[in-house]
Amino acid sequence: MRYPTFPCLLAGLAAVPSSLTTLPAMADAITGEVERQPLNVAAIVMFLVFVAATLWITYWAAKRTKSAAQFYTAGGGITGFQNGLAIAGDFMSAASFLGISGLVYVSGYDGLIYSIGFLVGWPVILFIVAERLRNLGKYTFADVASYRLGQTEIRSMAACGSLATVALYLIAQMVGAGKLIELLFGLPYEIAVVLVGALMIIYVTFGGMTATTWVQIIKAVLLLSGASFMALAVLYQTGFSFEALFREAAAIHPHGTAIMAPGGLVSDPVSAISLGIALMFGTAGLPHILMRFFTVADAKEARKSVFYATGFIGYFYILTFIIGFGAILLVSNNPAFLDTAGDLIGGTNMAAVHLAQATGGSLFLGFISAVAFATILAVVSGLTLAGASAISHDLYASVFKGGVVDEFAEIRVSRLATIGLGIVAIGLGILFEKQNIAFMVGLAFAIAASANFPVLFLAMFWRGLTTQGALIGGLVGLITAVTLVVLGPTVWVAILGFQEAIFPYKYPALFSVTAAFLGIWVFSMLDRSARSQAEKIAFEAQFVRSQTGIGIATATQH
Amino acid sequence: MDAQQLERIRNNESFRKLVAARSRLGWQLAAVVICLYFTFILVIAFAPHLLGIPLFNGAVTTIGIPIGIFIIVIAFATTGLYVGRANSEFDGLVRKVLEETE
């Protein structure tokens, strides 16, 4: 049995073969060679139905998307429940579905460790970020970070952090998408990447946040339904007994009962803590996730969003765990799913896909393949919208135009930015096909945790934060994160081919987040300018608004 | 919000109560989740065999399974707890603050 080609999260921490790359499971990149599958007609038909439905929604959304608020936030008219589903749709990627179930299939319990890491950031977002973010912001998290600070400096920096996060994430998604679609549908890699890029441009350019939200909601419902069906089918086989499921799986699996305990994925405490920090605080610094909080009317709906999202995401991870064990039971000993060497056809990431065939036949296989494609589209659309907003709202409207800008000009810029980002994503997706992109999502998380999160957090909680401190400290976090990843094992050794990594750990967050907080603190304390005094005084009004929502950017009326 | 209203809100008793109650609950629950998660991670790093103890005599299921599920459930439950308190208590306090400081 092979290890998943899919790069793993806690992985770096250990006994994974060195050819394996390490990065968060959200990483979403399916790396390595893929064998193209025969054209899958049922999957293509169901995918076309999905595309037709989402294009119809985009058409409907386009008629409503006349204002900047509509474009960026769907007018703030999404309910907490809908937003919870959309957040789950934004967050549950194809790789967390296929990758984590594949990891469970290969090493059992370790898959659960990954899932938990991705979930625990959510309660923290609720307790310290969600309500205040909604009360203070309008379209992007930079609204909040720069609320009482220098607009030009802080928005430029926040936009850099956003674009870096989005770009790295998007490339990883595009490459993963191309390979996955090649695998599932039998389409050539380039066509798959262009198709994903084109659909994403259409959704976001015409339908803005409204279309993106509904694509994410539909995808979340499809993914949760499909995964629920598979998990139920597995449990049906074992008489709804978990003990029976685990016993039969352990009896078949080459590692036996060892799959029921941690398999040494985490061995070194520094890496373990560093990764934990990156996941927990990186999630709270992802621009496409933070942006979702502006789509609801007020703080109450914002907090309900997180409650529902946490429930859906937690449920989904429990399903993937059952699906992984189900695949051991129903796939690993079925010659129809194995190649001549006894490995899974298409690699271990295909465990859930083969299980779909084993439990629901070729029609259900087609359904799950179409869901995987839909999943990719939902995630890249959210990313592109977040990147376009950073360009049009933060850089164009606030920095270049000093906040004095015609709304229609701003929307036009955001649509152009969407098209531009889409084309860049397609180009880079094709360019990076054969590259090792495993470091990218890990780096995206590190930047989110080290540059975006500390500035956002201290802007909301620390009176003493000044423009100078936020700017220098944020840049320190950004540069430290990038430098340590480049000097670390994932780039210095795996890509540049050096023998020894200069920085020994795969996850920089423990160091880069600390550096960012220290930098912000030191340079804020050193700032004695008149402006910094005014910024500290302005904290009071910001604090009252963050608590009460007085002056909140409200939903647009129809 | 003008300077006078700001001053009135800052000195308002209900506002102080709101801020204190929300911060206390938020940080307490955050501490619960963060401690639970990092304890789990450190057990995996230092003593992974602890999670491999069978759930009962002769079981294949290990205690690591319910512990993992427990963390997922706690993550969800704490968000529910926070939302429940916020809906019943904090929103009422916010309304009170606004009424008292119009």
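Because the structure is predicted, anything quoted here is derived from the model rather than measured. (Residues numbered from 1 in each chain as written. Chains lettered and ligands numbered in written order. Predicted model: local features only at pLDDT ≥ 70, side-chain atom pairs only at ≥ 80, totals over all residues. Heavy atoms only, no water.)

1. A word on the overall build of chain B
So, point 1. Tallying secondary structure elements over chain B gives three helices and zero strands in all.
So, point 2. Ordered by position from N to C terminus, the α and β elements of chain B give α-α-α.
So, point 3. The C-alpha radius of gyration of chain B comes to 21 Å, more than 25% above the 13 Å expected for a compact globule of 102 residues.
So, point 4. Projected onto the principal axes, the alpha-carbon positions of chain B cover approximately 70 × 25 × 15 Å.
So, point 5. Here the analysis covers contacts within chain B between residues at least 6 apart in sequence; of these, 60% occur between residues at least 24 apart. (Helix = DSSP H or I, 4+ residues; strand = E, 2+ residues; numbered from the N terminus. Rg over C-alpha atoms; globule rule 2.2 N^0.38 Å. Contact = heavy atoms within 4.5 Å.)

2. With respect to the overall build of chain A
So, point 1. Each helix and strand counted, chain A has 20 helices and zero strands in total.
So, point 2. In terms of C-alpha radius of gyration, chain A reaches 23 Å, essentially the compact-globule figure of 24 Å for 558 residues.
So, point 3. Structurally, chain A occupies a C-alpha span of about 75 × 55 × 45 Å along its principal axes.
So, point 4. Every one of the 558 residues in chain A was classed for burial, and the buried ones make up 66%.
So, point 5. Within the structure as shown, chain A displays about 17,200 Å² of accessible surface, and the carbon and sulfur contribution to it stands at 68%.
So, point 6. Both charge centroids of chain A, one from 27 positive and one from 26 negative side chains, sit 11 Å from each other. (Buried < 20%, exposed > 50% of the residue type's maximum accessible area, 1.4 Å probe, protein only. Areas by Shrake-Rupley, 256 points an atom, 1.4 Å probe, with all protein chains shown as cover. Lys, Arg positive; Asp, Glu negative; His and termini not counted. Charge placed at Lys NZ, Arg CZ, Asp CG, Glu CD.)

3. Points about helix α14 (residues 351–400) of chain A
So, point 1. With 50 residues, α14 of chain A should reach 74 Å at 1.5 Å per residue; the first-to-last C-alpha distance of 50 Å falls well below that figure.
So, point 2. Once α14 of chain A finishes, glycine 402 of chain A follows within two positions and takes phi at roughly 60°, a positive value. (Expected span 1.5 Å × (residues − 1).)

4. Some points on the interface of chain B and chain A
So, point 1. Between chain B and chain A, the residue contacts involve 51 residues of the former and 51 residues of the latter.
So, point 2. Both sides of the chain B and chain A interface together cover about 4,600 Å² of buried area, and 79% of this is carbon and sulfur.
So, point 3. Among the residues chain B hides against chain A, the three largest losses belong to Tyr37, Val60 and Ile72 of chain B. Together they make up 15% of the total.
So, point 4. For the interface between chain B and chain A, the tally reads three salt bridges.
So, point 5. In this assembly, chain B and chain A are joined by 10 residue pairs in polar contact (both at pLDDT 80 or more). (Buried area = accessible area lost by both parts, 1.4 Å probe. Salt bridge = Lys/Arg side-chain N within 4 Å of Asp/Glu carboxyl O. Polar contact = N/O pair within 3.5 Å; in protein donor to acceptor, adjacent residues only side chain to side chain.)

5. Regarding the confidence of the model for chain A
Residue and element names in this part refer to chain A.
So, point 1. Per-residue pLDDT for chain A has a mean of 88; in total, 92% of the residues score no lower than 70.
So, point 2. Within chain A, no element has a lower average pLDDT than helix α11 (residues 269–283), which sits at 86, and none a higher one than helix α19 (residues 509–525), at 97.
So, point 3. Here residues 1–29 is modelled with pLDDT under 50, and outside its nearest four sequence neighbours on either side it reaches 128 contacts, counting other chains as well. (pLDDT = per-residue confidence, 0-100.)

6. So, unusual backbone geometry
Residues and elements named next belong to chain A.
So, point 1. A positive phi is found at alanine 74, a non-glycine position, where the angle reads about 55°.
So, point 2. Here alanine 74 is to be found in the loop between α2 (68–73) and α3 (80–91).
So, point 3. Owing to a relative accessible area of 7%, alanine 74 belongs among the buried residues under this scheme.
So, point 4. Its identity is not glycine, yet phenylalanine 240 carries a phi of approximately 55°, on the positive side.

7. Looking at a nonpolar patch on the surface
So, point 1. On the surface, a cluster of nonpolar side chains totalling about 370 Å² of accessible area is made up of Val482, Val486, Ile495, Leu496 and Phe498 of chain A.
So, point 2. The residue isoleucine 495 of chain A is located in the loop between α18 (489–493) and α19 in this model. (Patch = residues over 30% accessible without salt bridge, like charges linked within 9 Å, V, L, I, M, F, W, Y side chains within 5 Å.)

8. A closer look at the confidence of the model for chain B
All names here are of chain B.
So, point 1. With 100% of its residues at a pLDDT of 70 or more, chain B shows a mean pLDDT of 92.
So, point 2. Ranking the helices and strands of chain B by mean pLDDT puts helix α3 (residues 64–100) first, with 94, and helix α1 (residues 3–10) last, with 88.
So, point 3. Overall fold confidence for the complex sits at a pTM of 0.90, while the interface term, ipTM, reaches 0.95.

9. A short note on the packing of helix α4 (residues 94–107) of chain A against helix α5 (residues 109–119) of chain A
Axes are the key here: two packed helices are described by the angle between their axes and the distance separating the axes.
Residue and element names in this part refer to chain A.
So, point 1. Two numbers describe how α4 lies on α5: the axes approach to 6 Å, and their chain directions differ by 150°. Judged by the angle between their axes, α4 and α5 are roughly antiparallel. Residue-level contacts link Ile100, Leu103, Val104 and Ser107 of α4 to Tyr109, Asp110, Gly111, Tyr114, Ser115 and Phe118 of α5.
So, point 2. Looking at the contact of α4 with α5 residue by residue, the class counts come to six nonpolar, three polar and one charged. (Axes fitted to C-alpha atoms, helices over the stretch in contact; angles between N-to-C directions. Parallel < 35°, antiparallel > 145°, perpendicular 65-115°, else oblique. Nonpolar A, V, L, I, M, F, W, Y, C, P; charged D, E, K, R; others polar.)

10. Let's talk about the pattern of salt bridges
So, point 1. Within this structure, the stated rule accounts for 14 salt bridges over all chains.
So, point 2. The partner of glutamate 131 of chain A in a salt bridge is arginine 22 of chain B, with the nearest N and O atoms 3.4 Å apart. Residue glutamate 131 of chain A is located in helix α6 (residues 121–136), and its partner arginine 22 of chain B is located in helix α2 (residues 13–46); the two belong to separate chains.
So, point 3. With its nearest N and O atoms 3.2 Å apart, the salt bridge here joins lysine 304 of chain A to glutamate 301 of chain A. On the criterion of helical spacing, the pair formed by lysine 304 of chain A and glutamate 301 of chain A is a turn pair, its members being three residues apart in helix α13 (residues 299–330).
So, point 4. Several salt bridges share partner residues, and in doing so they unite Glu131 and Arg303 of chain A together with Arg22 and Asp91 of chain B into one network.

11. What about helix α9 (residues 189–237) of chain A?
One turn of the α-helix equals 3.6 residues, which is why residues spaced by three or four share an orientation.
So, point 1. Taking 1.5 Å per residue as the helical rise, α9 of chain A with its 49 residues ought to reach 72 Å, whereas the 37 Å between its terminal C-alpha atoms falls clearly short.
So, point 2. Along α9 of chain A, the sharpest change in direction is near 130° and occurs at glycine 207 of chain A. (Bend = angle between axes of the 7 residues up to and from the residue.)

12. Some words on the environment of isoleucine 218 of chain A
Residue and element names in this part refer to chain A.
So, point 1. For isoleucine 218, the position within the fold is in helix α9.
So, point 2. Given a relative accessible area of 24%, isoleucine 218 falls into the partly exposed group.
So, point 3. Here the alpha-carbon distance between isoleucine 218 and glycine 473, two residues 255 residues apart in the chain, equals 40 Å.

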